[in-house]
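Coordinate inspection notes
Residue-level listing of the chains:
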Amino acid sequence: MRWRRDPGLRVRRRLVTAVAVVLAATAACPRSAAQNAVPSQAAAARTQPASPASPALGAPALTIPRLQRPPALEDFLGMQAQGEIAGQMAKVTGFTQRNPHDGEAVSQPTDAYLGYDQKNLYVVFVCFDDPRKVRARMSRREDIYDDDQVEIMLDTFHDRRRAYAFQTTPLAVQWDAIWTEASRAEVSGNFDTSFDTVWNSQGKVTSQGFVVWMAIPFKSLRFPSTKQQEWGIILYRGIHRLNEDSFWPQISRRIQGRLGQAATLYGLEGISPGHSIDLIPYGLLRGFRALDTRDPANPYFQHAEVQGQPGIDAKFVIHDHFVVDMTANPDFSQVESEDPLITVNQRYAVYFPEKRPFFLENEDFFRTPMDLLFTRSIADPSAGIRLTGKDGPYSVGLLAADDRSPGLAVPDYSPYSGIRSYFTIARVSRDIFRQSSVGAMYTDWECPATGEFNRIGGVDTHLTLNSTWTLEGQAVVTSSNLNLNCEANLYPFSSGNAGHGSYSAGPAETLQLQRQGLHFGYEGTYSDITPGFVTVPGFINRVDIRETKQEVRYRFRPKKGWIVAWGPSLNVRYDFDHTGLRLDTDYAPYFVIQGRGQTVLFLRPYQETRERLRPQDFCFYGYMVYCAPTSLGNQDYHQQDYHQHTSGATFQTGYFKMATLAASYYWGDAVNFVASPDVPPAPLTPYNQPFVAREDTAAASLILRPMKPLKIENTYLFERLRATDSAYLFERAQFPGAGHGIFNDHILRSKWNWQFTPQLSMRVILQYNSLLAGTPGVGSPYTYLPTQKQFNADFLVTYLVHPGTAIYLGYNSDLQNLDVVPGVGVFQTPRGYINDSRQFFVKVSYLFRF
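Time to look at the overall build of the protein chain. Within the protein chain one finds five helices and 46 strands. Evaluated residue by residue, the protein chain yields a buried proportion of 56% over its 850 residues. Summing over all exposed atoms, the protein chain offers an accessible surface of approximately 33700 Å²; the carbon and sulfur share of this is 59%.

Our focus in this paragraph is the pattern of salt bridges. Throughout the structure, instances matching the rule amount to 45 salt bridges. The residue Glu104 makes a salt bridge to Lys559 at a minimum N-O spacing of 3.4 Å. Placement of the pair is Glu104 in the loop between strand 4 (96-99) and strand 5 (110-116) and Lys559 in the loop between strand 27 (545-554) and strand 28 (563-576), with a sequence separation of 455 residues. For Arg141, the salt bridge goes to Glu142, with nearest N and O atoms at 3.4 Å.

Another point: the environment of Gly517. Relative to the assigned elements, Gly517 resides in the loop between strand 25 (503-515) and strand 26 (520-529). Gly517 sits 50 residues away from Ser467 along the chain, and the two C-alpha atoms are 9.0 Å apart.

When you tally the buried positions in strand 9 (residues 174-180), you get seven out of seven residues, the bulk of the element. Along strand 9, one buried face is formed by Gln174, Asp176, Ile178 and Thr180 and the opposite face, lined by Trp175, Ala177 and Trp179, is buried too. Counting the residues between successive antiparallel strands, the hairpin from strand 8 (residues 162-168) to strand 9 contains five residues, one of them, Ala172, with a positive phi of roughly 70°. Relative to strand 10 (residues 191-192), strand 9 is paired through two bridges, and the arrangement is antiparallel.

Burial analysis of strand 29 (residues 582-595) places 10 of its 14 residues in the buried class, which makes it a mostly covered element. As paired strands, strand 28 and strand 29 are joined by 13 bridges and run antiparallel to one another. Residue pairing in the sheet places Asn571 in a bridge with Ala588 of strand 29. As paired strands, strand 29 and strand 30 (residues 599-613) are joined by nine bridges and run antiparallel to one another. Across the sheet, Gly595 pairs through a bridge with Thr599, a residue of strand 30. The turn joining strand 29 and strand 30, which pair antiparallel and follow one another in sequence, is formed by three residues; a positive phi near 75° is taken by Gly597.

One pass over the full model with this rule turns up 24 aromatic pairs. Between Phe218 and Trp231 the ring centres are 6.4 Å apart and the planes differ by 75°, which places this aromatic pair in the edge-to-face class. Highlighted residues: Phe218 in the loop between strand 12 (209-217) and strand 13 (231-239) and Trp231 in strand 13, separated in sequence by 13 residues. Neither Phe218 nor Trp231 differs from the other in exposure class; each is buried.

This brings us to unusual backbone geometry. Of note, the amide linkage connecting Asn99 to Pro100 takes the cis form, showing an omega dihedral of 0°. Looking at the secondary structure, you find Pro100 in the loop between strand 4 and strand 5. Omega for the peptide link from Trp248 to Pro249 comes to -10°, which places this bond in the cis form. Within the fold, Pro249 resides in the loop between strand 14 (244-248) and strand 15 (263-266). For Asn243, which is not a glycine, the phi torsion comes out positive at approximately 55°. Of note in the backbone geometry, Asn329 takes a positive phi value of approximately 55° without being a glycine. Locating Asn329 in the fold gives a position in the loop between strand 18 (322-328) and helix 3 (357-360). Of the residues examined, Asn329 reaches a relative accessible area of 24% and is grouped as partly exposed.

So, about a nonpolar patch on the surface. Taken together, Phe520, Val552, Tyr554, Phe556, Trp562, Ile563, Trp566, Leu570, Tyr655, Phe656 and Leu661 make up a surface patch of nonpolar side chains, about 960 Å² in accessible area. Sorting the residues of the nonpolar patch by element identifies strand 27 and strand 28 as the ones contributing at least two each. The element contributing the most residues to the nonpolar patch is strand 28, with three residues. Residue position: Trp566 is located in strand 28. In this structure Trp566 comes out as partly exposed when scored by relative accessible area, which is 31%.

Here the protein chain shows a mean pLDDT of 83. Residues at 70 or above account for 82%. Between residues 1-57, whose pLDDT stays under 50, and residues either more than four places distant or in other chains, the model counts 198 contacts. Note that pLDDT drops below 50 for residues 496-500; the model gives that stretch 17 contacts with residues more than four away or on any other chain.

Structurally, Ser569 is set in strand 28. Polar contacts involving the side chain of Ser569 include one to the side chain of Arg555, which spans 2.9 Å. Ignoring anything within four residues of it in the chain, the contact list for Ser569 reads Glu551, Val552, Arg553, Arg555, Ala588, Pro589 and Tyr590.

Residue position: Thr169 is located in the loop between strand 8 and strand 9. Given the relative accessible area of 0%, Thr169 is considered buried. Excluding its chain neighbours within four sequence positions, the residues that come into contact with Thr169 are Ile144, Asp147, Asp148 and Val212.

Once that is clear, we can look at the nonpolar core. Membership of the largest hydrophobic core comes to 37 residues, with the highest contact counts inside it found for Leu114, Ile152, Phe166 and Leu235. Sorting the residues of this core by element identifies strand 3 (90-93), strand 5, strand 6 (120-128), strand 7 (149-155), strand 8, strand 12, strand 13 and strand 15 as the ones contributing at least two each. Those residues within four positions of Phe166 in sequence are excluded, and the remaining contacts are Val150, Glu151, Ile152, Leu154, Trp175, Asp176, Phe195, Thr197, Trp199, Met214, Ile216 and Leu221. Listed in part, the 28 residues of the second largest apolar core include Phe366, Cys447, Cys486 and Ile540.

Once that is clear, we can look at the environment of Leu284. Mapped onto the elements, Leu284 comes out in strand 16 (residues 277-292). C-alpha separation for the pair Leu284 and Leu809, spaced 525 residues apart in sequence, amounts to 10.0 Å.

By the element assignment, Ala659 lies in strand 36 (residues 659-672). When the C-alpha positions of Ala659 and Arg705 are compared, they lie 6.1 Å apart, and in sequence the two are 46 residues distant. Leaving out residues up to four positions away in the same chain, Ala659 has contacts with Thr653, Gly654, Leu702, Ile703 and Leu704.

So, how was this worked out
Residues numbered from 1 in each chain as written. Predicted model: local features only at pLDDT ≥ 70, side-chain atom pairs only at ≥ 80, totals over all residues. Heavy atoms only, no water. Helix = DSSP H or I, 4+ residues; strand = E, 2+ residues; numbered from the N terminus. Buried < 20%, exposed > 50% of the residue type's maximum accessible area, 1.4 Å probe, protein only. Areas by Shrake-Rupley, 256 points an atom, 1.4 Å probe, with all protein chains shown as cover. Salt bridge = Lys/Arg side-chain N within 4 Å of Asp/Glu carboxyl O. Pairing = 2+ DSSP bridges. Phe/Tyr/Trp six-rings, centres within 6.5 Å; stacked < 30°, edge-to-face > 60°. Patch = residues over 30% accessible without salt bridge, like charges linked within 9 Å, V, L, I, M, F, W, Y side chains within 5 Å. pLDDT = per-residue confidence, 0-100. Contact = heavy atoms within 4.5 Å. Polar contact = N/O pair within 3.5 Å; in protein donor to acceptor, adjacent residues only side chain to side chain. Core = buried A, V, L, I, M, F, W, Y, C linked by side-chain atoms within 4.5 Å.

Listed below in structure tokens is the structure:
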């Protein structure tokens, strides 16, 4: 297993787990449902009444009428259908809770009205409530999580596996996504929010609640090319302050998934998305100045006063249900910078989510139990093409793209300057039984200039065993030839072994068993990844491991009171290598209390972790880089077993209408993986190799809504590593005046978004990172890390008409405590900053739809 060149590449496991639990407990999308559909009186003769149903008896059906003209929002502002067209629409009532009390009546009534014409599907939500308590703010597109919400989900192929989701707030702020029943929830959840399409919405708060109007063009959907359509449909309403998620039809937590409980939608006849063609040309103008460190000994500044760049994205629909996406010379200047994460003192690469639109859309077609496609490995493409779609029981995904980064990451005089690598991904799956599937996947990475390649092929399955249990599995094999010229350091997310430079091969398998229920939940995973396994396109950051992970949880759900759920959980993990040697163990019990107002308290009173480093694991960075064999010079690296204990808590609440608060603090032990290595033949000491130290980590978040158009998100992250008393006593003779400090890491970020109109917004992100190593003025005997300081400012003005048609005006500037010495290198300096990069850009794109 290779260690990463940057040791700061993975977030603390316990902090990630705590955040994941809190997010899972407070997510806006574990929603509930309702049970009957009642056509309006005028439409009764034309629609088929839907009868009440329960999950045990089967979902209801709903028939909607064809309308002569579109309905208007104004037809419903009296909180009922008024006028000829509105009166013809099918009316749905009887929403039922999923959260907090599964199966019970809702606290506030909701009516929905549906109809369609040749071009659009129309849905109007009439939501009763006290208007003073309704959460409704003007926000940028897809920033809806702090507000009340309504949503329609459409399973257009009625396969109970995949659905479109269209959601808005009371002020019609849009959010759209693809829901997939089988998903890697720990990475991306069931919703693929990268899906962006053109649709229309309007909303208004009234004296009795609020009304939302949606028009969804059939051109924005894919569905079978049949005269009479039969779709699955789910309607949803969320009341943020009450933690209340309600659905029609009833979507019970006692049954895993949603689409298997969806109602059946009838009445759609003679519709088609047509031979849709979307063309999005764009133009970019920018000026920039940036420090070029490709040759570490000869750094210099690149700059351009004005630089132009054209590009185009295209989408073609084939036979209504296949989509070809193409991009040429893509640009992602408007994409937001990374969310802050503490990445210091970690062994393995961290998962930073993809944010580039081309690679995000339809990514669920390539999703498998093992993460074999991590598109951030395609760092700098000049062109790409993707085919996705479904025909009958078969789903297909194909992706091909080049990557210029191998040839751009080296100096111009390097023989590898200008080389490219190429990615090809193929995925096919077939539906079996009611909600199960089998599939196959193939990935290929090639670097023709160096002869390197990485190929992976295998099969996978998703099996719905019953209403609460599912089983997923995957088995793959890899074949690679990596000689460190093209792959090394250019794809830091790839997995591999220490034997790079020659041919390697090896299999990998995983099984995941999951139970979801109202009270009891279980997740168990077994993974076996051999030493020879390598993936360049994927994200598997550890090999030579047999791992079992289990989580068991139980939730009590009181019917009354402020607490809506509470209960214990237990995480257990065992890791072994392929010789049978125990590597790591982890025991982590925790306790969760969930209250109204999106309030969660997460308590971890005790966590016990053991980490074993083998001789091949002792890789150091700093003054030198090496992976030690069993004996290196006079330094004998034996197996080291590190015993650690931690405790902590996390709290968050959205109880207050104008503010959301979150805070966490964890304390205990951690291994110092950034210890200062001594160069052989210097003697090995207990503290110039990884050793157990004292660690404190904290995080705080404050989201303010001082006025409806303005949202301010503030985040603070902190990590401190201190030497134990024994380490301090051992080293103080060599470093007089040095204290216990190894490092202090601070990250402070403030993000401001002002939404002037539904289309026009301004975003400002200010972030300060400070890594303070050792004792000021003395240094540290415990780490090779230098003191690092960085300040970044990001400004963006956006005028977004709809996805594809937009104007972006942006500026970014970055300051670091660097000293650039021409002909020598770049060094950290204790004082002073330089501007190592800045950019000003204007980008214009326009959607042509034929």
